[in-house]
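# Fold and geometry: a report
Take a look at the letters that make up each chain.
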Amino acid sequence: MCLLGVGACGAPLEEGTEAACSGVLPGDLVITEYLNDPEGTDTGREYVELYNSLKVPVSLESMTLYAARSDGSQEKGFFFGGPLSVAPGDYLVLGDVREGPVPAHVDQSYGEELGALGNTSGRLGVRCGERVIDEVSLSAPAKSGVARGYDGRLVPDSAGNDDPARWCDGAGSDVAGVSQGSPGTANPPCAPAEGASEESGSTETCLPLGSQVPREVKRPRAGELVITELMVNPLGDDTVGEWVEVLATAPVDLNGLTLGTDTTSTKVQGANCLSLPSGGYAVLARRSEAVLNGGLPAPVATFGVDLRNTGGVVQVRAGEVLVDAVAYGAAEDGVAIQVSAGVTNASSNDSADVWCRASEAYGSRGNLGTPGRANRACASGGGGVDSGAPDGGAPDGGRDTSGGSDAGSTGGGTRDGGQDGGLRDAGVPDAGSPARTCIDRVTGTSRPVRLPEVGSLVLTEFMADPSAVADSAGEWVEVLALREVDLNGITLMNEGGTSTALDATLCLSLKAGARGVLARGADTALNGGLPSVLATFSFNLSNAAGSHSLRLALGSRVLDVITWTSAATPGVSLQVSPANSDPQRNDAPGSFCLAPSSARYGLGDRGTPGLENRACVP
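Right, let's walk through the structure included here. (Residues numbered from 1 in each chain as written. Predicted model: local features only at pLDDT ≥ 70, side-chain atom pairs only at ≥ 80, totals over all residues. Heavy atoms only, no water.)

## Notes on the overall build of the chain
Rules: In this text, helices come from DSSP runs of H or I with a minimum length of four residues, and strands from runs of E with a minimum of two, each type numbered from the N-terminal end. In this scheme, a residue with accessible area under 20% of its type's maximum is buried, one over 50% is exposed, and one in between is partly exposed, where area comes from a 1.4 Å probe on protein chains only. Only heavy atoms matter for contacts: two residues are in contact if any of them lie within 4.5 Å across the pair. Only the protein chains shown count as cover for residues, and all accessible areas are computed by the Shrake-Rupley method using a 1.4 Å probe.
The secondary structure content of the chain amounts to three helices and 42 strands. Looking at the chain as a whole, 54% of its 618 residues qualify as buried. When contacts within the chain are restricted to residue pairs at least 6 apart in sequence, long-range pairs at least 24 apart make up 67% of them. With an accessible surface of roughly 24,100 Å², the chain has 51% of that area assigned to carbon and sulfur atoms.

Rendered as structure tokens:
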């Protein structure tokens, strides 16, 4: 079906035709809802909803709506060859209507050009030429006929909608032909996830103890299950005495989780619900019999993966979600390693300083550990155990030894004399020192850290005084990578010399052109609805007028510095002009400005965390 006013109807983009949409930036349009598995036949009934996040109309002319498999293959696209606009703050619904009149809930048909959207996986996006305006990953609803929508509690933004946890099944609809969804209107709030499987689209169930009625499995999200203690080298036979302790930070079930290393894994299984309350501990062991495992408390489940005594990685996954991961060094005979009491959470157990050797005996063999119980507080300095978690970058009190200085400037501009722009000495480790490594988030294997060169990272935006949440929970800093790098080992420091070293077992990776968000907290429910946080920092950003700065450094090498003197505006970030997004031009006076009122994220504060900045208005 080809409609007048849309033009080429799926024709390939010709050279120069993107001029009409050249002013549209990533995030101006946001995908907020889609129906990828209608009840009955998919053909002619699927739809996609777009939201205009600006206070001015956005034209779709010369843009392409596209769909593909998860790996990007078999892409199909629909090209908007004629005028079609989305009003400010409004929604546009595009539908697979191949014959007959367009239904009332659909504003424009894309005909058969996208084919059938993937029912359980795939990509869906809109772009201008090669510039992606927004793209989301498709996931399966709990049942056919249910749309998938972005959480209505949050301001739609194209960075936040990359997080699958912010999507949920639609509620009931009065729209004819749409059983559950809200096409063309604001989405309802999402209820807490209860365990839908992202791999198969089915709902996993388990049987609660004492009940005959199964219920959905409550699968943990990243950080809701924390690895708190490891026994890698017990006295006796490792194959019967190894164990892992986990702590739940929210009510979860362990059914269906995989526990493993960087090379192999095993699935936690059970017909009954393997449930943990918030604050509850569970021991996962090689064997369940106390006479074999050294006198452990009753394990919740068993696993069959060997933990290497010479050092390695332990990770917990829920489907494709990496819930937690830690790395450890050579194990001491009969001694567990544990996270210090008081910091048993996924944002703190990244630091080696919070891990130490156990000192209390358990069981009958003289092993040391506290399986299934609260850990003791580690002495200052910890045990030198390298550990990590999926959200990365826990505060560790690292110090910046940089000797660089900043001359400062007035207002929102910055000036550092060019000391952070253009040098190419890269901060490579001294000869003879061991190369820093991290666990690749995609492959799950260890690799060398991609150390940033001077000039390859740019400080582009920060929020010093959020309004939606407290400063201690909602402050953040944005970093732009000009080439592919990892932030492991980077130090972020303020004008007072207070710093946080970004250290994690997982690679804190940024591709060239990507923006990473460093925040006070990684929990979306507490930080004001930020998009995915790459790492966390522990110090305050000042709200008062005065001489302030932020500095990125790798050892003694300054990678970028910004300074400002103005007081923070509540609920509004300070951003660098897009034209000045490099380590030299972001030093110029006037290069920073307040985020425009059209740029909103999460719970409604102004800013573009993780997205390209808006142009500064004179």
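## Considerations on the pattern of salt bridges
Just so we agree on the cut-off: Should a side-chain nitrogen of Lys or Arg be within 4 Å of a carboxyl oxygen of Asp or Glu, the pair is scored as a salt bridge.
Throughout the structure, instances matching the rule amount to 22 salt bridges. For arginine 447, the salt bridge is made with aspartate 486, and the minimal N-O distance between the two is 2.8 Å. In this pair, arginine 447 is assigned in strand E28 (residues 446-448) and aspartate 486 in strand E31 (residues 485-486), connecting sequence segments 39 residues apart. Judged by its relative accessible area of 0%, aspartate 486 is buried.

## Here we look at the pairing of strand E32 (residues 490-494)
Where we set the bar: Any two strands with at least two DSSP-identified bridges between them are counted as paired.
Most of E32 sits out of view: five of its five residues are buried. Taking every second residue as pointing to the same face, both faces of E32 are buried, with Ile490, Leu492 and Asn494 on one and Thr491 and Met493 on the other. Of the strand pairs in this sheet, E32 and strand E33 (residues 499-502) are connected by four bridges, and their pairing is antiparallel. Following the sheet pairing, leucine 492 is matched in E33 by threonine 500. The loop that links E32 with its antiparallel partner E33 comprises four residues; one of these, glycine 497, has a positive phi angle of about 90 degrees. Sheet topology places E32 next to strand E37 (residues 548-554); four bridges connect them, and they run antiparallel. Within E37, the residue paired with leucine 492 across the bridge is leucine 552.

## What to know about the sheet that holds strand E4 (residues 63-68)
Inclusion rule: Each axis is a line fitted through C-alpha atoms, and for a helix only the stretch in contact is used; angles between axes span 0 to 180 degrees, taken between their N-to-C directions.
With antiparallel pairing, four strands are arranged side by side in an open sheet as E5-E4-E9-E10. What marks the edges here is a single partner per strand, and that holds for strand E5 (76-79) and strand E10 (131-137). Strand-to-strand, the axes of this sheet are offset by a mean angle of 15 degrees, without reference to chain direction. Pairing analysis gives six bridges linking E4 to strand E9 (residues 123-128), with the strands arranged antiparallel. When the sheet's bridge partners are listed, leucine 65 is paired in E9 with valine 126.

## Some words on the environment of phenylalanine 78
For phenylalanine 78, the position within the fold is in strand E5. In this structure phenylalanine 78 comes out as buried when scored by relative accessible area, which is 1%. Taking C-alpha positions, phenylalanine 78 is 6.3 Å from tyrosine 66, a pair spaced twelve residues apart along the chain.

## Some details on unusual backbone geometry
What you tend to see is this: most non-glycine residues have negative phi, and most peptide bonds are trans. In this model, serine 62 sits at a positive phi of 75 degrees, which is unusual for a non-glycine residue. Tracing the backbone shows serine 62 in the loop between strand E3 (58-59) and E4. One non-glycine residue, glutamine 74, lies in positive phi territory at about 55 degrees. Looking at the secondary structure, you find glutamine 74 in the loop between E4 and E5.

## Thoughts on the packing of aromatic side chains
Two aromatic rings, taken as a pair, are described by how far apart their centres are and by the angle between their planes. Applied cut-off: A pair of aromatic rings is counted whenever rings of Phe, Tyr or Trp (Trp by its six-membered ring) have centres within 6.5 Å, and the orientation is called stacked for planes under 30 degrees apart, edge-to-face for over 60 and tilted otherwise. Cation placement over rings: the criterion is NZ of Lys or CZ of Arg within 6 Å of the ring centroid and within 35° of the ring normal.
Throughout the structure, instances matching the rule amount to nine aromatic pairs. With a centroid separation of 5.0 Å and 90 degrees between ring planes, the pair formed by phenylalanine 78 and phenylalanine 80 is classed as edge-to-face. Taking 5.1 Å as the distance between ring centres and 40 degrees as the angle between the ring planes, the aromatic pair formed by phenylalanine 537 and phenylalanine 539 counts as tilted. For phenylalanine 539, a relative accessible area of 3% translates into the label buried. Aromatic rings pair up to connect Tyr34, Tyr150 and Trp167 into one cluster. Positioned above the aromatic ring of tyrosine 66, the side-chain terminus of arginine 127 is 4.4 Å from the ring centre.

## Observations regarding the environment of asparagine 375
Where we set the bar: N or O atoms within 3.5 Å of each other form a polar contact, as long as, within protein, one can give a hydrogen and the other can take it, and as long as residues adjacent in sequence are counted only when both atoms are side-chain atoms.
Locating asparagine 375 in the fold gives a position in the loop between strand E26 (355-357) and strand E27 (437-439). Taking the C-alpha atoms as reference points, asparagine 375 and threonine 228, separated by 147 residues in sequence, lie 8.1 Å from one another. Excluding its chain neighbours within four sequence positions, the residues that come into contact with asparagine 375 are Thr228, Glu229, Glu245, Tyr281, Gln338, Val339, Ala341, Thr344 and Thr370. A polar side-chain atom of asparagine 375 sits 3.1 Å from the main-chain carbonyl oxygen of threonine 228.

## Side note on the sheet that holds E32
In space, the four strands of this open sheet follow the order E33-E32-E37-E38, with antiparallel pairing throughout. Each edge of the open sheet is held by one strand with a lone partner, namely E33 and strand E38 (557-564). Adjacent strand axes in the sheet meet at a mean angle of 15 degrees, parallel and antiparallel pairs treated alike.

## Things to note about empty space enclosed by the protein
Quick reminder of the rule: Using a 1 Å grid laid over the protein atoms alone, points where a 1.4 Å probe fits but cannot get out form a cavity; open sets with protein on both sides within 12 Å along at least 5 of 7 lines form a pocket; any residue with an atom within 4 Å of a point counts as lining. Grid points are joined across faces, edges and corners, and a volume is the space filled by probe spheres set on the points. Residues were grouped as follows: Ala, Val, Leu, Ile, Met, Phe, Trp, Tyr, Cys and Pro as nonpolar; Asp, Glu, Lys and Arg as charged; and all remaining residues, including Gly, as polar.
Per the counting criterion, the structure on display carries three cavities of 30 Å³ or more. Here the largest cavity defines a volume of roughly 110 Å³. If you go around the largest cavity, you meet 14 residues; those closest to its centre are Phe462, Ala567, Ala568, Thr569 and Leu574. The class makeup of the residues in the lining of the largest cavity is eight nonpolar, five polar and one charged. Taken as a whole, the second largest cavity spans an internal volume of roughly 80 Å³.

## Brief notes about the nonpolar core
The condition is simple: By convention a nonpolar core is built from buried Ala, Val, Leu, Ile, Met, Phe, Trp, Tyr and Cys residues, the set being connected through side-chain atoms within 4.5 Å.
Core analysis: the biggest nonpolar cluster contains 35 residues, and Phe462, Leu487 and Leu550 have the highest contact counts within it. Among the secondary structure elements, those contributing two or more residues to this core are strand E29 (457-463), strand E30 (476-481), E32, E37, E38 and strand E39 (574-576). If you look at the next biggest cluster of nonpolar residues, it comprises 31 residues, including Tyr34, Leu65, Phe78 and Ile133.

## Digging into the pairing of strand E23 (residues 312-318)
The buried fraction of E23 amounts to seven of the seven residues, a majority that puts the element mostly inside the structure. Of the two faces of E23, the one lined by Gly312, Val314, Val316 and Ala318 and the one lined by Val313, Gln315 and Arg317 are each fully buried. In the sheet, strand E18 (residues 258-260) pairs with E23 via three bridges, with the strands oriented antiparallel. For leucine 259, the partnering residue across the bridge sits in E23 and is valine 316. Sheet topology note: the E23/strand E24 (residues 321-328) ladder contains seven bridges and is antiparallel. The residue of E24 that forms the bridge with valine 314 is valine 326. Adjacent in sequence and paired antiparallel, E23 and E24 are bridged by two residues, among which glycine 319 carries a positive phi angle near 65 degrees.

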